[in-house]
Structures are given as structure tokens and as C-alpha cells.
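Examination of the molecular architecture
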Amino acid sequence: MQVINLDAHRLKMLAPQPPLVLALGFFDGVHQGHQRVIQTAKRIAKQRDLPLAVMTFNRHASQLFKSQTTFRYLNTVAQKSQHMAALQVDRLYITDFNHQFAGLTPTAFIKDYLVGLNAQVVVAGFDYTFGQGGANGMRELAELGAPYFETVTVDRLANQQLKVSSTRIRGLIEQANDLLGYTYATQATFDPLTRTIQLANRQQQLPAAGDYRCWLVSANYRQAVILRVTTTLKIISPYQLPPETTVLDVDVQWQQRALQVVSSVSAQHQQSQYSKA
């Protein structure tokens with residue numbers, strides 16, 4: 001998969017792109033609803049023998065206009081790229097959602113980006129919005145884009161009669177794996193000697209406070225642990241030390257909530273107290 005970072009300057013310098021099918025969306029979490037959009041675009045691309053492309057963004061709009069909000073991402077940009085590669089996307093355009101981009105008129109967005117990228121078919125979810133303030137939707141995209149490309153709208157995917165969405169997944173993080181269609185993971189660093197985990201991106205979503213069964217996964221290490229979420233992240237179960245006890249970059253794969261457990265450190269302390277009695 002080719003990853004291409006875009007902004008107004010890079011777009012002007014970009015070599016002419018081949019005719020392609022383009023899926024649009026922020027795709028935070030690349031959940032099953034997002035996958036449905038991308039699979040629809042993939043099916044059309046295969047029918048027409050065209051490359052499958054996705055255009056997404058490097059930040060959520062709320063972070064541009066309300067930088068102090070408590071918005072939390074389900075995926076880092078790197079994780080999103082990995083999911084796109086797994087979905088067999090040929091080209092991933094990561095657009096810088098900056099003030100210049102946010103100020104584009106609907107016509108400028110369509111001509112500069114969608115026509116500029118040589119999109120023959122544009123695919124997006126029913127709730128996709130664009131233009132200043134996100135005031136335009138799929139009807140406007142189809143009308144304004146009609147001279148240049150076909151537009152395909154993908155209906156919502158429901159779970160228990162409710163829309164599958166990134167917002168819903170953030171609110172129900174314990175059920176996230178079912179809604180995502182894969183195991184939710186956060187990128188982090190792990191210090192084996194202090195049992196502590198530090199998120200690589202502090203804006204990535206965490207479950208509510210509690211104890212969780214997780215896997216710590218890196219290139220040469222895979223370990224099941226119970227992780228306690230409070231204001232910090234700390235392992236409270238016994239675990240095998242990695243071959244090297246230096247700080248590791250790991251994916252924390254969240255499996256399920258554990259029953260309230262007594263940490264191994266607390267248990268050892270209690271045992272020592274009983275021994276003295």
C-alpha cells in the first residue's frame with residue numbers, strides 16, 4: 001500500500017494520479033461500518049479494474065477548533081494505516097486537516113481534492129459531511145460531483161438496532177471488539193521493571209477504570225496480563241519478563257474486563273503480614 005500525505009502544497013506538487021475509486025471518511029477505529037464503506041469501494045474498484053484508494057485525515061475536526069476538548073482517538077494514524085493495508089487498500093491519502101482545509105468551499109474540495117486525485121467513483125457513508133463547518137452531505141456531494149465522478153452512498157450498519165459508530169464504541173469500550181470486528185489495541189511503552197504502561201498517544205481512548213485482561217505484543221514478546229486502569233496503567237498480575245528488560249514498544253490488546261482482583265504486589269504484602277502474625 002502506498003501512503004501519501006496531503007495538504008494544499010503537496011497536492012499541487014503531486015504527480016498525476018491514475019483513475020481510481022476513492023473512499024472518503026475519517027475512519028477512526030476502522031470499525032465494521034467503516035469496513036463496509038471500504039469493501040463497497042473495493043468491490044467497485046475490482047469490477048472496473050481500478051486502484052482502491054482511501055482519503056482520510058490526520059486529526060479530528062474538534063481538535064482543530066476545540067483543542068482543549070477531551071476527544072479520544074480509537075486509532076493512531078499508524079494503526080489506521082495498518083488496518084487499511086489489511087483491507088487491501090492500494091493508496092491511502094492522509095490529508096492534513098488544518099485551517100486552510102477546513103475553510104475550503106464544497107466546490108473547491110471537490111475540484112482540488114477529488115477531481116485532483118482523479119477519482120472516477122467516490123464512496124462514503126450516509127453521514128459523511130464536507131465543506132466549511134461540515135454543512136454539506138452526500139446529496140450535495142452527488143450533485144456537485146456529477147460532472148466529474150459517480151457517487152455511491154453506503155447505508156448505516158446497525159448492531160442491536162443502533163448505528164455502529166466511533167462515538168458509540170468510545171462510550172462502550174468494553175464491547176468495542178464486537179463493534180470493531182477486531183481486537184482493540186492501544187500503542188504504548190512498557191517498562192518491565194516498574195510494571196507501568198505509558199500510552200504513545202495520550203489522546204487514544206482507554207476503557208473506564210477497572211481491571212482488564214490484555215495481551216502485550218511486540219516483535220519478540222507476547223504476554224497475557226491483567227492491567228489496572230486508574231489515572232495510570234499498571235500490570236497487577238504475574239508475568240514473564242521479556243528477553244531484554246529495557247523499555248519496550250508494545251501494542252496493548254484489550255480482551256475483556258476481569259473480575260476485581262487483588263494485585264500480585266498487594267497479595268505478597270498481605271502474605272508477609274500473615275507470616276508475622
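Residues numbered from 1 in each chain as written. Predicted model: local features only at pLDDT ≥ 70, side-chain atom pairs only at ≥ 80, totals over all residues. Heavy atoms only, no water.

With an unreviewed UniProt entry as reference, the protein is termed FAD synthase, source organism Lactiplantibacillus plantarum subsp. plantarum. Per UniProt, the protein carries the Pathway (unreviewed entry) text "Cofactor biosynthesis; FAD biosynthesis; FAD from FMN: step 1/1." Quoted straight from UniProt, the Sequence similarities (unreviewed entry) entry for the protein says "Belongs to the RibF family." (UniProt positions renumbered as here; feature names shortened; annotations may be inferred.)

**Overview of the pairing of strand S14 (residues 248–257)**
Looking along a regular strand, one sees side chains alternate from face to face of the sheet. Sheet topology note: the strand S9 (residues 185–191)/S14 ladder contains 6 bridges and is antiparallel. Of the residues in S14, the one forming a bridge with Thr-189 is Asp-249. With 6 bridges connecting them, strand S11 (residues 210–218) and S14 associate as antiparallel partners. Bridge pairing links Tyr-212 to Arg-257 in S14. (Pairing = 2+ DSSP bridges. Helix = DSSP H or I, 4+ residues; strand = E, 2+ residues; numbered from the N terminus.)

**Structural notes on the packing of helix H6 (residues 106–115) against helix H7 (residues 138–145)**
Closest axis-to-axis distance for the H6/H7 pair is 10 Å, and the angle between their directions is 65°. Of the two elements, H6 crosses H7, and the hand of that crossing is right-handed. Side by side, H6 and H7 meet where Pro-106, Thr-107, Ile-110 and Leu-114 of the first sit next to Leu-141, Leu-144 and Gly-145 of the second. When its residues are assigned to classes, the contact of H6 with H7 shows 5 nonpolar, 2 polar and no charged. (Axes fitted to C-alpha atoms, helices over the stretch in contact; angles between N-to-C directions. Left-handed = near helix turned anticlockwise from the far one by under 90°. Contact = heavy atoms within 4.5 Å. Nonpolar A, V, L, I, M, F, W, Y, C, P; charged D, E, K, R; others polar.)

**Focus on the sheet that holds strand S12 (residues 221–229)**
Judged by pairing direction, the barrel is antiparallel, and its 6 strands sit side by side in the order S9-S10-S13-S12-S11-S14 before closing back on the first. Between one strand and the next, the sheet's axes are offset by a mean angle of 45°, whatever the strand orientation. Sheet contacts for helix H4 (residues 77–86): S9 and S14; angle to S9, the most-contacted strand, approximately 125°.

**Overview of the sheet that holds strand S6 (residues 150–154)**
The sheet built from 6 strands is open, its strands ordered S1-S4-S3-S2-S5-S6 with parallel pairing. The sheet is open, and its two borders are formed by strand S1 (2–6) and S6, each paired with just one other strand. On average, adjacent strands in this sheet sit at an angle of 20° to one another, irrespective of strand direction. Judged from the 4 bridges that link them, strand S2 (residues 20–24) and strand S3 (residues 52–57) form a sheet pairing that is parallel. When the sheet's bridge partners are listed, Leu-22 is paired in S3 with Ala-53. Contacts from helix H2 (residues 32–48) reach S2, S3, strand S5 (119–125) and S6 within the one sheet, and its direction differs from that of S5 by about 160°.

**Quick notes on H4**
Along H4, the residues that are buried comprise Gln-79, Lys-80, Ser-81 and Met-84. If you follow the buried residues of H4, they end up packed against H2, S3, strand S4 (91–95), S9 and S14. Just downstream of H4, Gln-88 is the residue with a positive phi angle, here 65°. (Buried < 20%, exposed > 50% of the residue type's maximum accessible area, 1.4 Å probe, protein only.)

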